[in-house]
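Given next are the chains, with one letter for each unit.
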Amino acid sequence: STPQGNTGTTARSWGWIGTEARYETDAEHGARIAADLSLSRARIAAETGRAPRALVWPFGRYSGPALKAARAAGVGFALTLEPERADARLPMALNRYY
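Residues numbered from 1 in each chain as written. Predicted model: local features only at pLDDT ≥ 70, side-chain atom pairs only at ≥ 80, totals over all residues. Heavy atoms only, no water.

### A short note on the confidence of the model for the protein
The condition that has to hold: On a scale of 0 to 100, pLDDT captures the predictor's confidence in every residue. By definition, any uninterrupted DSSP run of H or I lasting at least four residues is a helix, any uninterrupted run of E lasting at least two residues is a strand, and each is numbered from the N terminus.
The pLDDT averaged across the protein works out to 88; a share of 88% of its residues lies at or above 70. The secondary-structure element of the protein with the lowest mean pLDDT is strand β1 (residues 16-17), recorded at 88, while strand β4 (residues 77-79) shows the highest, at 95.

### Some words on the side chain of Ser63
Heads up, the rule is: Accessibility here uses a 1.4 Å probe with only protein chains present; expressed as a share of the type maximum, an area under 20% marks a residue as buried, one over 50% as exposed, and anything in between as partly exposed. Between N or O atoms, a polar contact is any pair within 3.5 Å; within protein, one atom must be a potential hydrogen donor and the other a potential acceptor, and residues adjacent in sequence are included only when both atoms are from side chains.
Among the secondary structure elements, Ser63 is positioned in the loop between β3 (54-56) and α2 (64-72). Owing to a relative accessible area of 6%, Ser63 belongs among the buried residues under this scheme. Of note is the side chain of Ser63, whose polar atom sits 2.7 Å from the side chain of His29.

### Let's talk about the packing of aromatic side chains
Formally: Think of it this way: a Phe, Tyr or Trp ring, Trp meaning its six-membered ring, pairs with another when their centres are within 6.5 Å, and the plane angle makes it stacked under 30 degrees, edge-to-face over 60, tilted otherwise.
The tally for this structure, following the rule as stated, stands at two aromatic pairs. Residues Trp57 and Tyr62 carry aromatic rings whose centres are separated by 4.7 Å and whose planes lie at 25° to one another, so their mutual orientation is stacked.

### Notes on the environment of Phe77
Heads up, the condition is: Residue contacts are defined here by distance: any two heavy atoms, one from each residue, within 4.5 Å place the two residues in contact.
When you line up the elements, Phe77 lands in strand β4. Each C-alpha atom, one on Phe77 and one on Pro91, is 4.7 Å from the other, the two residues being 14 residues apart in sequence. The residues contacting Phe77, other than those within four sequence positions of it, are Arg53, Ala54, Leu55, Pro91, Met92 and Leu94.

### Digging into the packing of helix α1 (residues 26-48) against α2
Here is the rule: Between N-to-C directions, angles cover 0 to 180 degrees, with each direction set by a line fitted to C-alpha atoms, over the stretch in contact for helices. The cut-offs work like this: below 35 degrees is roughly parallel, past 145 is roughly antiparallel, 65 to 115 is roughly perpendicular, and the gaps in between are oblique. Crossings are assigned a handedness: left-handed for a near helix turned anticlockwise from the far helix by less than a right angle, right-handed for a clockwise turn. Only Asp, Glu, Lys and Arg are considered charged, only Ala, Val, Leu, Ile, Met, Phe, Trp, Tyr, Cys and Pro nonpolar, and every remaining residue, Gly among them, polar.
It is the contact of α1 with α2, at a shortest axis distance of 8 Å, that shows an interaxial angle of 40°. Of the possible angle classes, the one that applies to α1 and α2 is oblique. In the packing of α1 onto α2, the handedness of the crossing is right-handed. Contacts from Asp26, His29, Gly30, Ile33, Ala34 and Leu37 of α1 reach α2 at Pro65, Ala66, Ala69 and Ala70. Of the residues belonging to the contact of α1 with α2, the class tally is seven nonpolar, two polar and one charged.

Right, dumping it as structure tokens:
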């Protein structure tokens, strides 16, 4: 857990490396997200025959390194949880109503 007592990480939060008493660097955070995306996209492709084109950001939030990793993984659009109209000019941050 982090110094604040939190456990787990998301695409928005940098992971705590307890053995080194520090948070991930931006590069480590991006690499973790890239690895998660690679694994999940491969699993979905194996089960369905096609890799997903979309991503729903966990809790509707994401970080700069996560956005970069998603684009590099071939994600074409992503959804947030912002209660606003979606803006097609922002395909990696399409708002949606919860």
